[in-house]
Amino acid sequence: MNEHERPSRRGDVRRGAPVRRAFALPMVVLLALIASLAVGVLLERQSGGHLAVQRAIGSYRDHHRMVGMEVMVDRWLGPSRPSSLTDRLGDDGLAFELRQPHGRFTRVYISDGQGAALSNLGAVTGPAADYARRVRDALTPRQETTDEELLRDAGPVKVSANTAPQAVIEAVASVVIGDNSDRFVRDLITKRAKTRLTTQDLNTVIQEAHLTPEQSAGLEMLLTAEPSLWRVDVKTTEPDVPRPQWARGLLEVGPGLGRWMENGRFVSWETVDDEP
């Protein structure tokens, strides 16, 4: 073998180097991908933990706002009775105002909150449960096609005859009376358009409809002229905050120790972005 035919070790090394570099490149890419995924998982966990903390803080803040507002509403009501509550409200439902330190100003509005039919019937028993279930089933499809509040999640099973949308009155009457419910609905809507209904007014409308005892009893199970569920809307403004802050809740009240508000409690409470 002559000098030109003898293999060159140096040449062999040069020819093998690109193979090792080609093998190392995918490994580098794979390691970079794994590192990126690890960083992404850590960031996601950190973000999720931050959101959980913020939700907990928001829940804590809303709870104490709710309790504080419950006390303030209780003090404002004093020994009032439900039938006279509406007489104490302003034209727009303003109940009272709070001037707080640092320019914070809160207005509290109260209105009848029992106009919608109850959808959560877990605590309802007896004949009223069957009536209420059928009313809910009749209103559920209509709720999906209207902006009116036809259903609510909390409160008593009875519906306020003064503020219930006509669709709710029609559903109640149809379930209890049947096909001949048009006269009762018409008389009730006409009567409440002229004056705020009292319990006596509601009983008169039921009697004048010439119903059976069972039908009259059914309407008395589902309708009331003296609601015990009230909607509370709270508007708060602050000097350094460009937009007012709104919160709302449903307050259920009942008799106790001579003060009908003694057993009052919020059954729902939430912070909302815009004016209700």
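Cut-offs and rules
- Residues numbered from 1 in each chain as written.
- Predicted model: local features only at pLDDT ≥ 70, side-chain atom pairs only at ≥ 80, totals over all residues.
- Heavy atoms only, no water.
- Pairing = 2+ DSSP bridges.
- Helix = DSSP H or I, 4+ residues; strand = E, 2+ residues; numbered from the N terminus.
- Axes fitted to C-alpha atoms, helices over the stretch in contact; angles between N-to-C directions.
- Parallel < 35°, antiparallel > 145°, perpendicular 65-115°, else oblique.
- Contact = heavy atoms within 4.5 Å.
- Nonpolar A, V, L, I, M, F, W, Y, C, P; charged D, E, K, R; others polar.
- Phe/Tyr/Trp six-rings, centres within 6.5 Å; stacked < 30°, edge-to-face > 60°.
- Buried < 20%, exposed > 50% of the residue type's maximum accessible area, 1.4 Å probe, protein only.
- Core = buried A, V, L, I, M, F, W, Y, C linked by side-chain atoms within 4.5 Å.

Novice: Tell me what's going on with the sheet that holds strand β1 (residues 94–99), and back it up with residues and numbers.
Specialist: Strand order in the open sheet formed by five strands is β1-β2-β7-β8-β9, with antiparallel pairing between adjacent strands. The open sheet is flanked by β1 and β9 (265–272), the only strands paired with a single partner. Ignoring which end each strand starts from, the neighbouring axes of this sheet average 20 degrees apart. Here seven bridges tie strand β8 (residues 245–252) to β9, and the two strands are oriented antiparallel to one another. In the sheet register, Gly249 faces β9, and the bridge partner there is Trp269.

Novice: Give a detailed account of the packing of helix α3 (residues 127–143) against helix α7 (residues 213–222), specifying residues and quantitative values.
Specialist: Each pair of packed helices can be summarised by the angle the axes make with each other and by the distance between the axes. Close contact between α3 and α7 brings their axes to 10 Å; oriented N to C, the two are set at 75 degrees. As far as their axial angle goes, α7 and α3 are roughly perpendicular. Listed contacts from α7 to Pro127, Ala128, Tyr131, Ala132 and Val135 of α3 are Glu214, Gly218, Met221 and Leu222. For the contact of α3 with α7, the residue count by class is seven nonpolar, one polar and one charged.

Novice: Just give me the short version of the packing of aromatic side chains, but keep the residues and values in it.
Specialist: Applying the stated criterion across every chain, the model contains two aromatic pairs. With a centroid separation of 6.3 Å and 25 degrees between ring planes, the pair formed by Tyr109 and Trp246 is classed as stacked. A residue pair is termed long-range when its members are at least 10 positions apart, and Tyr109 in strand β2 (residues 105–112) and Trp246 in strand β8 qualify at 137 residues. Side by side, Tyr109 and Trp246 carry an identical accessibility label, which is buried. With a centroid separation of 5.0 Å and an interplanar angle of 75 degrees, the aromatic rings of Phe266 and Trp269 are classed as edge-to-face.

Novice: I'd like a description of the nonpolar core, backed by residues and values.
Specialist: Within the largest apolar cluster, 38 residues are counted, with the highest numbers of intra-cluster contacts made by Val135, Leu139, Val168, Phe184, Leu188, Leu219 and Leu223. Of all the secondary-structure elements, those providing two or more residues to this core are β3 (117–118), α3, α4 (166–176), α5 (182–194), α6 (199–208) and α7. Counting residues per element, this core draws most heavily on α4, which supplies eight residues. Of all hydrophobic cores here, the second largest spans 19 residues; its members include Trp76, Trp230, Leu251 and Val253.

Novice: Provide a residue-level description of α4, including the pertinent values.
Specialist: α4 sits mainly inside the fold: eight of its eleven residues count as buried. Among all positions in α4, only Ala167, Val168, Ile169, Ala171, Val172, Ala173, Val175 and Val176 are buried. Elements in contact with the buried residues of α4: β3, α3, β5 (159–160), α5, α7 and β6 (223–224). Gly178 occupies a position one or two residues after α4 and carries a positive phi of about 105 degrees.

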